[in-house]
Amino acid sequence: MTQSTKNSLNSDKSNAEEAREIVHDEFAGLNLTEMAGRPGFRGLFDNAFVLGVTCFATLGGFLFGYDQGVVSNVLAIESFGAAFPKIYMDSNLKGWFVSTLLLTAWFGSLLNGPICDKIGRKRNIMGNIIIFLIGGALQTGATAERHLFIGRAIAGLAVGALTHVVPMYLAEISSANIRGALVALQQLSITLGILISYWIAYGTSHIGGTRCAPGVPYTGPLLNGSPTFDPYTDVPAGGCTGQKQASWRVPIGIQLFPALLLGLGMAFMPYSPRWLTERGRDDEALQSLSTLRRKRLDDPAVRYEFLEIKAELRYSREITALKYPNASKFQQTVNNYITLVSTWPKFKRLAVGCLTMFYQQFIAIIYYAPTIFGQLGLNPNTTSLLATGLYGILNTLGTLPAIVLLDSVGRRPLLMSGALGCCTALLIVGSLVAAFGNDWPGHPSAGRAAIAFVYFYGVNFAYSWAPIGWVLPSEVFPLYLRSTGISITTSCTWMSNFIIGLVSPRMLAQIGHGGTYFFFAAFAILAFISAYFYPETKGKTLEEMDTAFGDVTSEQEKQHMERICRELGLPSKALLSA
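In this text the structure is predicted, and so the values were computed from the model without any measurement. (Residues numbered from 1 in each chain as written. Predicted model: local features only at pLDDT ≥ 70, side-chain atom pairs only at ≥ 80, totals over all residues. Heavy atoms only, no water.)

### Things to note about the overall build of the protein chain
When its secondary structure is counted, the protein chain shows 28 helices and 2 strands. Scored against the burial criterion, the 578 residues of the protein chain give a buried share of 56%. For the protein chain, restricting intrachain contacts to residue pairs at least 6 apart in sequence, the fraction spanning at least 24 positions comes to 82%. As presented, the protein chain carries roughly 22,100 Å² of accessible surface, and 64% of it is formed by carbon and sulfur atoms. (Helix = DSSP H or I, 4+ residues; strand = E, 2+ residues; numbered from the N terminus. Buried < 20%, exposed > 50% of the residue type's maximum accessible area, 1.4 Å probe, protein only. Contact = heavy atoms within 4.5 Å. Areas by Shrake-Rupley, 256 points an atom, 1.4 Å probe, with all protein chains shown as cover.)

### Quick notes on the nonpolar core
One finds Phe80, Ile87, Phe97, Tyr169, Tyr457, Phe461 and Trp465 to be the most contacted residues of the largest nonpolar core, which totals 123 residues. In terms of residues, this core owes the most to one element, helix α10 (residues 145–173), which gives 13 residues. What Ile87 contacts, discounting residues up to four positions off in sequence, is Leu75, Phe80, Leu93, Lys94, Phe97, Glu145, Leu148 and Phe149. Core analysis: the second largest hydrophobic core is formed by 16 residues, Trp275, Val302, Tyr315 and Cys565 among them. (Core = buried A, V, L, I, M, F, W, Y, C linked by side-chain atoms within 4.5 Å.)

### Observations concerning the state of the cysteines
One pass over the full model with this rule turns up 1 disulfide. A disulfide bridge connects Cys212 with Cys240, and the sulfur atoms are separated by 2.0 Å. Linking Cys212 and Cys240, the disulfide has an S-S dihedral of approximately -105° and is accordingly described as left-handed. Here Cys212, found in the loop between α11 (179–204) and β1 (222–223), pairs with Cys240, found in the loop between β2 (226–227) and α12 (246–254); they are 28 residues apart in sequence, far enough to count as distant. The exposure class of Cys212 is buried, given its relative accessible area of 0%. Cys492 takes part in no disulfide bond, and the closest cysteine sulfur to it belongs to Cys354, at a distance of 4.6 Å. The exposure class of Cys492 is buried, given its relative accessible area of 19%. (Disulfide = S-S within 2.5 Å.)

### A few points about the packing of aromatic side chains
One pass over the full model with this rule turns up 24 aromatic pairs. When the centroid spacing of 5.5 Å and the interplanar angle of 75° are considered together, the rings of Phe84 and Trp248 count as edge-to-face. With Phe84 in the loop between α6 (78–83) and α7 (85–89) and Trp248 in helix α12, this pair connects stretches of sequence that are 164 residues apart. Measuring from centroid to centroid gives 5.9 Å for Tyr457 and Phe461, while their planes differ by 10°, and the two rings are stacked. (Phe/Tyr/Trp six-rings, centres within 6.5 Å; stacked < 30°, edge-to-face > 60°.)

### A closer look at a nonpolar patch on the surface
Taken together, Phe107, Leu111, Ile115, Ile119, Ile131 and Leu157 make up a surface patch of nonpolar side chains, about 450 Å² in accessible area. Here the element with the most residues in the nonpolar patch is helix α8 (residues 91–119); it accounts for 4 residues. Take Ile131: it is sitting in helix α9 (residues 121–140). (Patch = residues over 30% accessible without salt bridge, like charges linked within 9 Å, V, L, I, M, F, W, Y side chains within 5 Å. Salt bridge = Lys/Arg side-chain N within 4 Å of Asp/Glu carboxyl O.)

### Looking at the pattern of salt bridges
Side-chain pairing between opposite charges can occur once the charged atoms of the two side chains come close. According to the stated counting rule, one finds 15 salt bridges in the structure shown. Here Glu284 makes a salt bridge to Arg281, at a shortest N to O gap of 2.9 Å. Looking at Glu284, the relative accessible area reads 39%, which means it is partly exposed. In this structure Arg281 comes out as partly exposed when scored by relative accessible area, which is 26%.

### A few points about α8
Its 29 residues place the ends of α8 41 Å apart at the C-alpha level, agreeing with the 42 Å of an ideal helix rising 1.5 Å per residue. Bending of α8 peaks at approximately 45° at the position of Asn112, with proline Pro114 no more than four residues after it. Two or three places before Asn92, at the start of α8, stands the capping residue Asp90, its side-chain oxygen 2.9 Å from that residue's backbone nitrogen. In the segment just after α8, Gly120 is the residue with positive phi, at about 95°. (Expected span 1.5 Å × (residues − 1). Bend = angle between axes of the 7 residues up to and from the residue. Polar contact = N/O pair within 3.5 Å; in protein donor to acceptor, adjacent residues only side chain to side chain.)

### Re the environment of Phe477
Within the secondary structure, Phe477 is located in the loop between α23 (465–475) and α24 (479–510). Judged by relative accessible area, which is 0%, Phe477 ranks as buried. Along the chain, Phe477 and Leu340 lie 137 residues apart, while their C-alpha atoms are 9.2 Å from each other.

### Some details on the packing of helix α5 (residues 59–74) against helix α13 (residues 256–265)
For the pair α5 and α13, interaxial distance at closest approach is 9 Å and the crossing angle is 160°. Classified by the angle their axes make, α5 and α13 are roughly antiparallel. Between α5 and α13 lies a crossing whose hand is left-handed. On the side of α5, the interface is formed by Leu59, Gly60, Phe62 and Leu63, while α13 contributes Pro258, Ala259, Leu261 and Leu262. (Axes fitted to C-alpha atoms, helices over the stretch in contact; angles between N-to-C directions. Parallel < 35°, antiparallel > 145°, perpendicular 65-115°, else oblique. Left-handed = near helix turned anticlockwise from the far one by under 90°.)

### Comments concerning the confidence of the model for the protein chain
When pLDDT is averaged across the protein chain, the result is 83; 87% of the residues are at 70 or more. Mean pLDDT values for the elements of the protein chain range from 45 in helix α1 (residues 3–28) up to 95 in α9. The low-confidence segment residues 1–24, where pLDDT is below 50, has 11 contacts with residues more than four positions distant or belonging to other chains. (pLDDT = per-residue confidence, 0-100.)

As structure tokens, then:
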């Protein structure tokens, strides 16, 4: 090599180092959270584009909520009982009818992790909508029990996958200052789905009347001293003469329309910039980030966020390559699962996500709301459905404080206060049921008090564990483990949901003296204790979660991260501190 060549290379190296120093100086005083704008609810309206994309994408949550609400109401409709008497009368089969979707949703969410990494968040949502439409159509047109069960099984695969991918997509397109509020909109969409399904089912239950055969007296089991509908003996030979089959087919079929809207509309939504970066499509990632932030490509905030994503991804890949050299694609997928339990900080992330999802279901009593109100002394055919509709309104309104407070007050305080409120309400309802449950007509004030505290429970659950159950798991994992981690936490909520859906009918029917409510209250206490030990994640970028969970495990790894930051022109604090 000639002296002039050496001088030229030294000059190039010096120029590159000088350029990195200039970029470093440009970013040295920047804070990404502060650059993003106002935190929390106020910041939602600073970027109407991201808010619009979020509201649209949360139609995936709407589908989950709609099914949650509609199935509980359909199970109380007499014309449905006349068509499927085994499901209507057998509490075990009723539990399986609800839980079939929950079980396949568990499988769908677990399976969706590697698929989502491969094809991306956007296309994953679109593909699962097609599956959902098939399952929904089978349920709507069902003429035999097997059609209902197969339809719910197919729809469950899609619902589970959507609850995995939608919160992750929202977390990856949002900025740190409003991430909690945006992902909480997923829960608001779920509650809107529940609310709308309640009122649609309440309205359609009057198609042809509220009774299958108005002239035929009830001969079924006694409830609060009065006989109930028995589809084996209370249905005329030609079928229902009053209430029509449309009373249950219409509410089930309506969910196909928002699903179709979501599937078509996602074609026009942006890709996740973090997924694009992971796939090596840097130019597209930078353009997507610029579009989402409504800023120019050369804006310092856009470039800083892009480089921070790139640094976190590069660091995780290089550390993984050192730990697992020459790993195949399959081995890399398996290694992701192993990595989640290989160190305490990684396991802590997984534990926080799984526990949050677990408690979200084990302190929830939503599926059998009409049955609960019926047991508290309300008419199971009309008044209990109306009370359930009112519960849906309170559930929706109760979610709004979470959107306002999540990014200002934080996650932990809301979880802890919500658990205390739920526990208090459930203990009071259980005590009232134990004392007066055998004679509600003789104690109307006790019945009204019990119903009031069910509503109080709903509000406390709606602002705490319901929305934060989607927020925390979507934000705690590093990019290269995010899809894998969220698939596990989402599958945890579905397995818990499956268990609750399966046993709740039997618990409500067979456990006396308010035992079911005391059961859920005990888990609310455990939820409070667990939340006390959670790290606070508000205001942190997705790339800063390592610090929150103490995940810089050695001085060597710290130096490795600092080197990557220097090479990319980032200040070393970008990924090492909050």
